[in-house]
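Inside the fold
Here's the letter readout for the chains.
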Amino acid sequence: MSIKIEKFKNVYGINDLKGVREVNGNALIYAPNGGTKTSLALGFKHISTGIMPNDRIFENNAEYKFELDSKIYDNNLPTNIDNIVVYNFEEYYKNNLENNNTRLSLLTMSTTLNSRYGQLYNSCLSLIDELSIKISSVIGTKKKAEDNQKLVFEFFKNNFNLNSWKDIIIFLANLNWAEKIETEHKITNILNDNTIPIISDNNFINKVEKLNNTLNSKIESILFKGTFGSIEASKLIKEISNSGFFEAGHAIKLNGLENLITTNEEFQRIYDEQINVIYNSPEVKKEVEDLLSKINKNKATKEIRNFISNPNILTQLDNYNKFADKLIAGTLQNLESEIKQAKDTIIEAENFINQLMTEAKNEKTKWEEICEIFNERFDVPFKISVGNRFDSMIGKNYPSFEFKYIKNDVEKTISEDLLKKTLSTGEVRALTILYFLFDLNVSIEKNNETFVILDDVVDSFDYKNKYAMIEYISEMSKKRNIICWILTHNFDFFSSCKYRVQNYSKYFIKQNKDSENFQKFNESIIGGGMTLFSNWKESLLQNNDEKKFIALLPVCRNLIELKYDVNNVDYKKLCSALHLRNDTKNIKVSDIIPIYLDTFNINCQIDGSKNVYDILMEQLQILSRTNLTNSVALEDKILFSIGIRLNLETIFNKYDQTLVNSELSLGEELETIKSNLDIEDIKLISKAIISIPEFIHLNSFMYEPLVDISTNTLKKIYDDTIKLMSKHQV
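This one's a predicted model, so the numbers in the text were calculated from it and none came from an experiment.

Focus: the overall build of the protein
The helix and strand inventory of the protein stands at 32 helices and 13 strands. In the protein, the share of contacts with a sequence separation of at least 24, taken over all contacts with a separation of at least 6, comes to 68%. Carbon and sulfur atoms make up 46% of the accessible area of the protein, which amounts to about 35300 Å² in all.

Written out as structure tokens, the structure reads:
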């Protein structure tokens, strides 16, 4: 299998990818952070799904052309390419684990199925949510939208046994919208826990008719008028009797009655006479007063009075269920079309999701195999298996992950909410690897050849899981139908893969102003193992290379520290060569040659009378006059770093000579003399300190930071420190 890339331009952060034509097989690619690595991965990811990438800043359309599995793909005809599998954490997290930032979906689906499901599912959720707000605003009586939604949802749940907004919308869409009752009253006031037991009574209409007849007859009564009926009058008589109203000399004047009422007995007599006037029989009296008692029970029930006087409403109360449907239809008539369209969309989505679920069930066995591989290889505090979970959208169970946490040999299945709170960054990344492993296996089974791109696949992994992943990559590389590109900005991971993964070409992506260049990884120039130092030794021995002589100083110092300790005489001599000490500028090459002979077993022939400091400055002058745009040589960067440190210490020592033999870090020395510097000086020095201290002062084998920094950047910092020395007259 082979992939041949002819053109790759304007793809997110990539301007113009050059040198990539030479990459024809498995590749281990080191790329410093800055856009190229992830842009390359996401470019292929989106191209494989038919999405056209573009330039991030100027939005120029991408131009690409490549050959894969004997097929040519270019930007003139974007299409889906199912034999490209790209791992990028953010993409896998977004497509498989993130659902509108609210929950982990945990579906056991391939990324393709999961993405289609997620898009459809979320669009339905949005549609349902938007419509529920509109329905609630029409029906509800609350001021806040969320309170209205809660009120109306409870209304449908309690009265119609509907347990989701999806069910509510489908119920509403199925109403007979041709039959509706229009009313100015809120239906939640008409239909609620207090009123429904009253109006759903089979004899309710008969009782209301008797009540209305009674209320109409009150017009001729001298006692009962309007809403002041027999119950109100009875309560008044009782209160007057208990209060001693008449005994206090008071009297009552009724309209239509000339004489004053002055006793309780007289008031009761008039009440009894008026009752006989308005009620035809004791039975009618009992039914009417029973109904009035229920209606007047509380504020909610009193709302019944507002609509029972309407004959149009009253006559339709013979069937409560139809009455409720008509009342809702009349209230929501302006949303009828929108509700029906929403129902059609939901049903269509349900059917499609059911198809996806059928496919997901067909993938279940494969998922079980992948889970077994994952559990065996990766060290995480949980085990993953495939189970079932109920989804309210489709009303069915579907295959999903189950997580069992293990502590002290005790297993516990944890909920999704607890899982979200429990997973560390590395564990979430491990979960995305699970999806990647599945997608990869699906592609391998479906296609003759598969192109795999891994973008920083082990970020946030501990060493055990990192090497588990390297081991998997190594096994995967043995498959003849796979081409794998491993992209990383982690030099340690790059080095580990270099030694553990076989048959991979090594590359370094160099960023230039207008392009990004694939360059063959040269250990003798860039680093990445003992080969680098061996080449430096050979160059020093054969060519008396003064640049390599200086570059080996920090390497030699750390080897001596490891062999002896920091009190060793040779160690201290090398420290004086790398840090500004009283003897720094007087150290001769002849002082270093026996140290190199003892440590490296080489006897170089550089003029022993030369000062080491002078050789460093001469080499730095040459480098400063050289165009280093395409330089990636590690020894150049080391020389600039040593020079930058010595320049800074020269400035610091001018203002505090006690620093000349101190063990303080550069940052601590800066704090000591900061009052002598202006703001621009401090900015420049701070930038320099960030760039160079650790790999010169502490551990010369951790050269990853130097690999990440361009030679031109270090050259600029060095030149700036020279100007700063001139400014401070040192």
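Digging into the packing of aromatic side chains
Within a pair of aromatic rings, the relevant descriptors are the distance that separates the centres and the angle that separates the planes. The full count for this structure, using the stated rule, is 27 aromatic pairs. Judged by centre distance (6.2 Å) and plane angle (70°), the ring pair of Phe378 and Phe461 falls under edge-to-face. Within this pair, whereas Phe378 is found in the loop between α17 (364–377) and β7 (382–391), its partner Phe461 is found in the loop between β10 (450–455) and α20 (463–477), the two being separated by 83 residues in sequence. Taken individually, Phe378 and Phe461 each receive the classification buried, so the pair is uniform in this respect. Each residue in the set Phe8, Phe44, Tyr64, Phe66, Tyr73, Phe451, Trp485, Tyr507 and Phe518 is aromatic and connected to the rest through ring pairs, giving one cluster. Taking the ring centre of Tyr92 as reference, the NZ or CZ of Lys45 above it sits at 5.6 Å.

Examining the nonpolar core
For soluble globular proteins, nonpolar side chains are generally found buried alongside one another. Counting residues in each nonpolar core, the largest one holds 61 residues, and the members touching the most others are Phe549, Ile550, Leu553, Ile592 and Tyr596. Per element, the largest residue contribution to this core is ten residues, and it comes from helix α27 (residues 634–655). Not counting residues up to four positions away in its chain, the partners in contact with Ile592 are Phe549, Leu553, Lys573, Leu574, Ile587 and Val612.

Describing helix α29 (residues 679–691)
Over its 13 residues, α29 extends 19 Å from the first C-alpha to the last, a length consistent with the 18 Å expected when each residue adds 1.5 Å. Taken as a whole, α29 has its buried residues at Asp681, Ile685, Ala688, Ile689 and Ser691. Buried residues of α29, viewed axially, fall in a sector of 165°; they line one side. In α29, the exposed residues that point more than 90 degrees away from the buried face are Ile679, Glu680, Lys683 and Ile690. Between a side-chain oxygen at the N-terminus of α29 and the backbone nitrogen of Glu680 the separation is 3.2 Å; the capping residue is Asp678.

Overview of the pairing of strand β11 (residues 482–488)
Working note: regular strand, side chains alternate between the two faces of the sheet. The element β11 is extensively covered by neighbouring structure, given that seven of its seven residues are classed as buried. Residues Ile482, Cys484, Ile486 and Thr488 of β11 are buried on one face, and the alternating residues Ile483, Trp485 and Leu487, pointing to the opposite face, are buried as well. In this view, the connection linking β10 to its parallel neighbour β11 by way of α20 has right-handed handedness.

Let's talk about the pattern of salt bridges
This model, assessed by the stated rule, comprises 22 salt bridges. For the salt bridge of Asp545 with Lys548, the shortest nitrogen-to-oxygen distance reads 3.0 Å. Relative accessible area serves as the criterion here: at 11%, Lys548 is assigned to the buried category. We note a salt bridge from Lys716 to Asp720, for which the minimum N-O separation is 2.8 Å. Here Lys716 and its partner Asp720 are both found in helix α32 (residues 711–727), four residues apart, which amounts to about one turn of the helix.

Comments concerning the sheet that holds strand β3 (residues 27–30)
Spatially, the ten strands line up as an open sheet ordered β5-β4-β1-β2-β13-β12-β3-β11-β10-β6, and their pairing is mixed. Whereas interior strands pair on both sides, the edge strands pair on one side only; in this sheet they are β5 (71–74) and β6 (84–88). Neighbour to neighbour, the strand axes of the sheet diverge by 20° on average, direction disregarded. Alignment of β3 against β11, held across four bridges, turns out to be parallel. Across the sheet, Ala27 pairs through a bridge with Trp485, a residue of β11. Lying on the sheet, helix α1 (residues 36–48) is in contact with β1 (3–11), β2 (14–18), β4 (63–68), β6, β10, β11, β12 (505–511) and β13 (516–520); it crosses β1 at an angle near 105°. Lying over the sheet, helix α21 (residues 491–500) contacts β3, β11 and β12, oriented at roughly 160° with respect to β3.

A few points about the packing of α27 against α29
Running from N to C, α27 and α29 point in directions that differ by 140°, and their axes come no closer than 10 Å. One finds that α27 runs oblique with respect to α29. In this structure, α27 crosses over α29, and the sense of that crossing is left-handed. Only Ile685, Ala688 and Ile689 of α29 make contact with α27, whose side of the interface consists of Ile644, Leu648 and Phe652. Split by residue class, the contact of α27 with α29 holds six nonpolar, no polar and no charged.

Some details on the confidence of the model for the protein
Regions with low pLDDT should not have their predicted coordinates read in detail. Residues of the protein with pLDDT of at least 70 account for 80%, and the chain-wide mean is 81. Mean pLDDT per element in the protein: helix α30 (residues 694–697) is the minimum at 47, and helix α26 (residues 612–624) is the maximum at 96. Counting contacts from residues 100–107, a segment whose pLDDT is below 50, to residues more than four positions away or on other chains yields 35 contacts. Between residues 695–702, whose pLDDT stays under 50, and residues either more than four places distant or in other chains, the model counts 26 contacts.

Some thoughts on the packing of α26 against α27
Where α26 meets α27, the axes come as close as 10 Å, and the angle between the chain directions of the two elements is 115°. The handedness of the crossing between α26 and α27 comes out as left-handed. Here Tyr613, Leu616, Gln619, Leu620, Leu623 and Ser624 of α26 come into contact with α27, specifically with Asp636, Leu639, Phe640, Ile642, Gly643 and Leu646. Looking at side-chain class alone, the contact of α26 with α27 contains eight nonpolar, three polar and one charged residues.

Notes on the environment of Ile328
With respect to the element layout, Ile328 can be found in helix α15 (residues 320–331). As a C-alpha pair, Ile328 and Trp177 span 151 residues in sequence and 9.2 Å in three-dimensional space. For Ile328, the contacting residues outside a window of four places in its chain are Phe155, Phe156, Phe160, Phe171, Leu172, Leu175 and Ile187.

About the cut-offs
- Residues numbered from 1 in each chain as written.
- Predicted model: local features only at pLDDT ≥ 70, side-chain atom pairs only at ≥ 80, totals over all residues.
- Heavy atoms only, no water.
- Helix = DSSP H or I, 4+ residues; strand = E, 2+ residues; numbered from the N terminus.
- Contact = heavy atoms within 4.5 Å.
- Areas by Shrake-Rupley, 256 points an atom, 1.4 Å probe, with all protein chains shown as cover.
- Phe/Tyr/Trp six-rings, centres within 6.5 Å; stacked < 30°, edge-to-face > 60°.
- Buried < 20%, exposed > 50% of the residue type's maximum accessible area, 1.4 Å probe, protein only.
- Lys NZ or Arg CZ within 6 Å of the ring centre and 35° of its normal.
- Core = buried A, V, L, I, M, F, W, Y, C linked by side-chain atoms within 4.5 Å.
- Expected span 1.5 Å × (residues − 1).
- Arc of directions from axis to C-beta.
- Polar contact = N/O pair within 3.5 Å; in protein donor to acceptor, adjacent residues only side chain to side chain.
- Right-handed = clockwise from strand over helix to strand, strands pointing away.
- Salt bridge = Lys/Arg side-chain N within 4 Å of Asp/Glu carboxyl O.
- Pairing = 2+ DSSP bridges.
- Axes fitted to C-alpha atoms, helices over the stretch in contact; angles between N-to-C directions.
- Parallel < 35°, antiparallel > 145°, perpendicular 65-115°, else oblique.
- Left-handed = near helix turned anticlockwise from the far one by under 90°.
- Nonpolar A, V, L, I, M, F, W, Y, C, P; charged D, E, K, R; others polar.
- pLDDT = per-residue confidence, 0-100.

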